[in-house]
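Secondary and tertiary structure notes
If you want the building blocks of each chain, they are given just below.
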Amino acid sequence: MCIRDRVNEAFKKSLEYKPTKSARLDQHDTNIKKDKPPKQIRVKRIKPSYFSLHLELEPIKAAIDKLVLQNLGKVSPEATKMLNLLFFQSRFLEEFHVTLCHFTHRKSEIVKQQEIWNKYMKHYESCIKLFENDNKKDIGKFLKTGETIKIKLVKLIWDSKIVTLVVEFLLDKSETSNGIVEGFQCANTTPHITIGLLDDETRPYYSNSLCEMARTNGVVEQDYYELEFKDSKEYSGEVYINL
């Protein structure tokens, strides 16, 4: 074969050549992948919806039962019929709590409500950040703070839609691991626990309207009923941050 033919043959082979990665290059690529910086873990942001005081159901139910038995015959048949719905048709809510403040209070026209919301946010700032930075924990619907507030029961109020307990904070204090935190308050005008719904259309927040009627001694023309507690026991609940 002459030189020209050899050149043409070599040129032809070069055109048909398909490069392949060597084992060394493959290893090099693998190392490059391993050296890539890890993806940055996104910190989950916790935005409280409301702060609440959660209480045990059974002691509260027992107190209501005792109050109603003590006043048998002292309330009208119509009022008794409404309470019977609560007891005999299992109209109790699944959990009892006092709403301490709601995120809507942060932009309330009432300055005091804004102050209370900001106070809770500041007080629990470190607790919220702790959960934000712990990516291994499943937060769920609420965070337990471990702090407690004591209350007493003032009166039971109800109408054809809802049954509610008006409560009072004791000494306006909360027990913490560091002692006593002064000034824990409720942003609602009347601190209360929604006990049960007597129909399927009413929502728990209607308790605010009922409490306002009771506070103004029935200025709003609508039938409601009430029974007062005498020498109520103290009940302790835990503060929850609801998400």
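Scroll up a little and you will see the structure.
Thresholds, definitions, all that
- Residues numbered from 1 in each chain as written.
- Predicted model: local features only at pLDDT ≥ 70, side-chain atom pairs only at ≥ 80, totals over all residues.
- Heavy atoms only, no water.
- 1 Å grid on protein atoms, 1.4 Å probe; cavity = no way out; pocket = protein on both sides within 12 Å on 5 of 7 lines; lining within 4 Å.
- Points joined across faces, edges and corners; volume = space filled by probe spheres on them.
- Helix = DSSP H or I, 4+ residues; strand = E, 2+ residues; numbered from the N terminus.
- Nonpolar A, V, L, I, M, F, W, Y, C, P; charged D, E, K, R; others polar.
- Buried < 20%, exposed > 50% of the residue type's maximum accessible area, 1.4 Å probe, protein only.
- Pairing = 2+ DSSP bridges.

What the largest pocket holds in volume is close to 600 Å³. Lining of the largest pocket is provided by 21 residues; of these, Thr99, Asn188, His192, Tyr205 and Asn208 occupy positions nearest its centre. Of all the secondary-structure elements, those providing two or more residues to the lining of the largest pocket are strand S2 (96-102), strand S6 (192-197) and helix H7 (206-215). Sorting elements by how many residues they give to the lining of the largest pocket places S2 first, with 4 residues. Per-class residue counts for the lining of the largest pocket are 7 nonpolar, 12 polar and 2 charged. Its volume calculated, the second largest pocket comes out at about 260 Å³.

Next up on the list: unusual backbone geometry. Residues other than glycine seldom take positive phi values, yet Ser90 does so here, at roughly 50°. Along the chain, the position of Ser90 falls in the loop between helix H4 (77-88) and S2. Backbone geometry places Asp231, a non-glycine residue, at a positive phi of 55°. Examined against the element boundaries, Asp231 turns out to sit in the loop between strand S7 (225-228) and strand S8 (234-242).

This paragraph deals with the pairing of S2. Most of S2 is tucked away, with 5 of its 7 residues classed as buried. Across 6 bridges, the pairing between strand S1 (residues 50-55) and S2 is antiparallel. The residue bridging Tyr50 from the neighbouring strand is His102, located in S2.

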